[in-house]
Amino acid sequence: FETRPKPPRPATPGADTGGEVALILKQMLTDISDRLRILDGLDSSASTHQNDMQAKLIEWQTKLVDLSNAADKAVAASEAQALQRQTLAGEKKQADQTAAEETGAFKLMLPPYIKEIYVIGLIKGKILASCAA
């Protein structure tokens, strides 16, 4: 059993249709305003989400640029070290060649001096032997 009162029916057909139309239009306006409020809330939420995502995009782009710069610096340092290694290798090769040339020259020049040193040693030995006697 219902306790709600039922709206009165018009006595004649079409007599109170203007009021019913007005009521229906008011309900439609209320429904439209509710939907607009919901859409505004969704729009605000989407806008906030977009701003958050834009901030994250900028943050990650900054990190990407920083990593790219670090990678470029590492490559430059690696190339500088490679150039230094090549320079040192060239200097070592040059030093090895110089040492080999000097060793060869020393071996060519040394035998006559070795003979002279040997002769001087023999003479010294004879002088010492004759002085001792």
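Everything below is about the structure printed above this text.
Model, not experiment: these values are computed from the prediction.

## Remarks on the overall build of the protein
A count of helices and strands for the protein gives one helix and zero strands. For the protein, with 133 residues in total, the buried portion stands at 0%. Carbon and sulfur atoms make up 64% of the accessible area of the protein, which amounts to about 12,400 Å² in all.

## Examining a nonpolar patch on the surface
On the surface, I32, L36, I38, L39 and L42 cluster together into a nonpolar patch covering about 500 Å² of accessible area. With respect to the helices and strands, I32 occurs in helix α1 (residues 17–132).

## Quick look at the pattern of salt bridges
Applying the stated criterion to the full structure yields four salt bridges. R37 is the partner of D34 in a salt bridge, and the nearest nitrogen-oxygen pair spans 2.7 Å. Of the two residues, D34 and R37 both sit in helix α1, three residues apart, roughly one turn of that helix. By relative accessible area, which is 54% here, R37 ends up exposed.

## Points about the packing of aromatic side chains
Two numbers describe a pair of aromatic rings. These are the distance of the centres and the angle of the planes. Under the counting rule described, the total for this entry stands at zero aromatic pairs. The ring of W60 is capped by K63, whose NZ or CZ atom sits 4.4 Å from the centre of that ring.

## Focus on α1
In this model α1 runs 160 Å from its N-terminal to its C-terminal C-alpha over 116 residues, within 8% of the 172 Å that 1.5 Å per residue would give. Residue L110 marks the point of greatest curvature in α1, where the axis turns by about 35 degrees; the proline P111 follows within four residues.

Cut-off values and rules
Residues numbered from 1 in each chain as written. Predicted model: local features only at pLDDT ≥ 70, side-chain atom pairs only at ≥ 80, totals over all residues. Heavy atoms only, no water. Helix = DSSP H or I, 4+ residues; strand = E, 2+ residues; numbered from the N terminus. Buried < 20%, exposed > 50% of the residue type's maximum accessible area, 1.4 Å probe, protein only. Areas by Shrake-Rupley, 256 points an atom, 1.4 Å probe, with all protein chains shown as cover. Patch = residues over 30% accessible without salt bridge, like charges linked within 9 Å, V, L, I, M, F, W, Y side chains within 5 Å. Salt bridge = Lys/Arg side-chain N within 4 Å of Asp/Glu carboxyl O. Phe/Tyr/Trp six-rings, centres within 6.5 Å; stacked < 30°, edge-to-face > 60°. Lys NZ or Arg CZ within 6 Å of the ring centre and 35° of its normal. Expected span 1.5 Å × (residues − 1). Bend = angle between axes of the 7 residues up to and from the residue.

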